[in-house]
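This is what each chain is made of:
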Amino acid sequence: MKELITLKPKAEARDLNFYYGSFHAVKNVNLTVPERQVTALIGPSGCGKTTLLRCFNRMHDLYPGNRYEGQIFLDSDNILSREIDPIEVRMRVSMVFQKPNPFPKSIYENVAYGLRVRGEKKRSLIDEKVEQALKEAALWDEVKDRLKDMALNLSGGQQQRLCIARALVANPEMILFDEPTSALDPIATASIEELMSQLKQHVTILIVTHSMQQAARFSDYTAFMYLGEMLEFGTTSKVFSSPSHSQTEDYLRGRIG
Ligand SMILES: Nc1ncnc2c1ncn2[C@@H]1O[C@H](COP(=O)(O)OP(=O)(O)OP(=O)(O)O)[C@@H](O)[C@H]1O
C-alpha cells in the first residue's frame, strides 16, 4: 500500500537527472524532503547517493562538464534555474562532509569565516553569531576558553562539530550531511547523531549514510537508491519493517552491498 507523506515539503526534486559528462549518474529522481525532519539516503556503493545530495546545493556547478536536468524546489524556488545564483543556494543549503575539514585557522575564525565572506564586519555581531553557532553545535562549553587555538588540534568528533557550527552560522534552511560520522568513533558518532536530532527542530536534514543502524536510529524518512534511481521512499519505520521492493529488502538484509 502506498504510504501518504503528509508533512510539509522543504525541498523537492522533480524528474531530476544528473550527468558527469556523458555518464548518467542520477536517473529521473523524484524526492520530497520533508521540512524539519531527518531524511536518510541509503543504497549500495556507487548508486548515486552523494551525487544526488550534491545536487541539492549545486555543488556540481564547481566542476566543468556536469549537467542537471529537471527541477529542485526549495520552498517555491527552483534552485536549478539559471536565474538563481548558486552562491545564494549554498547559503540556504549548507553541507557537512565525510571527513572533518576545518580550515587551518583558529576555532573562532573557522566559524566567523562564513560571516566574513558574506561581508559582515561588525565584530560584536560576529562574536555573537560564532558563540550561537558553537552552542547549537554542542561545542561551546568545550572550546569557549580557547577560541584562538588552532582548529586542527581538536579531536575528530570536535572537528566535525566545528564543521557543523560553520555550516550553521549563516542560518541555513537545510543541511546536507555526507556520511558525517564514518570517520568517527562510536562515542563521537553518538554525539553527532544527538546533535542532528536537536538541529531538526529548526533545520531540514538530508543525510547520506552507509550505516543501516544509523538510518534506523535517528532518521524520520528513508530514501533507497539503486543504480541511479530512487526506488523507494517512506517513513523509516515503514521502509525498514516492510519495504516495497525486493532490492530494498536485499540491501537492508545485507544481501547486496
Ligand atoms: N566526478 C565524477 N566523475 C564521473 N563519475 C563520477 C564522479 N563522481 C562519481 N561518479 C560516478 O557516479 C556514480 C555514483 O557515485 P556516487 O559517489 O554518487 O555514489 P554513492 O552511492 O554515493 O557511492 P558510495 O556509497 O560508494 O559513496 C558512480 O558510478 C561513480 O563512479
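Please read all numbers here as calculations on a predicted model, not as lab measurements.

About the thresholds
- Residues numbered from 1 in each chain as written.
- Predicted model: local features only at pLDDT ≥ 70, side-chain atom pairs only at ≥ 80, totals over all residues.
- Buried ≥ 20, exposed ≤ 12 C-beta atoms within 10 Å, placed from the backbone.
- Helix = DSSP H or I, 4+ residues; strand = E, 2+ residues; numbered from the N terminus.
- Pairing = 2+ DSSP bridges.
- Expected span 1.5 Å × (residues − 1).
- Arc of directions from axis to C-beta.
- Contact = placed C-beta atoms within 7 Å.
- UniProt positions renumbered as here; feature names shortened; annotations may be inferred.
- Axes fitted to C-alpha atoms, helices over the stretch in contact; angles between N-to-C directions.

Draft legend 1. Molecular detail of the pairing of strand E3 (residues 38-42). Within E3, 5 of the 5 residues are buried, which leaves the element mostly enclosed by the surrounding structure. The two faces of E3 match: Val38, Ala40 and Ile42 on one face and Thr39 and Leu41 on the other face are all buried. By the bridge criterion, 4 bridges tie E3 to strand E8 (residues 204-208) in an arrangement that is parallel. Residue Leu41 lies in a different strand from E8, and its bridge partner there is Val208. Of the strand pairs in this sheet, E3 and strand E9 (residues 221-226) are connected by 4 bridges, and their pairing is parallel. Among the inter-strand pairings, Ile42 is bridged to a residue of E9, identified as Phe224.

Draft legend 2. Region of the structure containing helix H4 (residues 123-136). With 14 residues, H4 should cover 20 Å at 1.5 Å per step; its first-to-last C-alpha distance of 20 Å lies within 8% of that length. Inspection of H4 places Lys129, Val130, Ala133, Leu134 and Glu136 among the buried residues, and these make up the whole buried set. Each buried residue of H4 sits inside an arc of 160° when the element is viewed along its axis, so together they form one side. Seen from the buried face of H4, the exposed residues on the opposite side, beyond 90 degrees, are Ser124 and Glu128. Packed against the buried residues of H4 are helix H3 (107-116), helix H5 (140-143) and helix H6 (156-168). Ala138, located one to two residues past H4, shows a positive phi value of around 55°.

Draft legend 3. Fine view of the UniProt feature "domain: ABC transporter" (unreviewed entry) in the protein. This chain's UniProt record puts "domain: ABC transporter" (unreviewed entry) on residues 11-252. The span residues 11-252 carries 37% helix and 27% strand; its end-to-end C-alpha distance comes to 26 Å.

Draft legend 4. Structural detail: the sheet that holds E8. Across the sheet, which stays open at both edges, the 6 strands sit in the order E6-E7-E8-E3-E9-E10 with mixed pairing between neighbours. The open sheet has two edge strands with one neighbour each: strand E6 (93-96) and strand E10 (229-235). Strand-to-strand twist across the sheet, computed as the mean angle between neighbouring axes with direction ignored, equals 20°. Looking at chain direction, E9 and E10 are connected through 6 bridges and run antiparallel. Each bridged residue has a counterpart across the sheet, and for Tyr221 the counterpart in E10 is Thr235. Here H6 sits on the sheet in contact with E6 and strand E7 (174-178), set at roughly 170° to E6.

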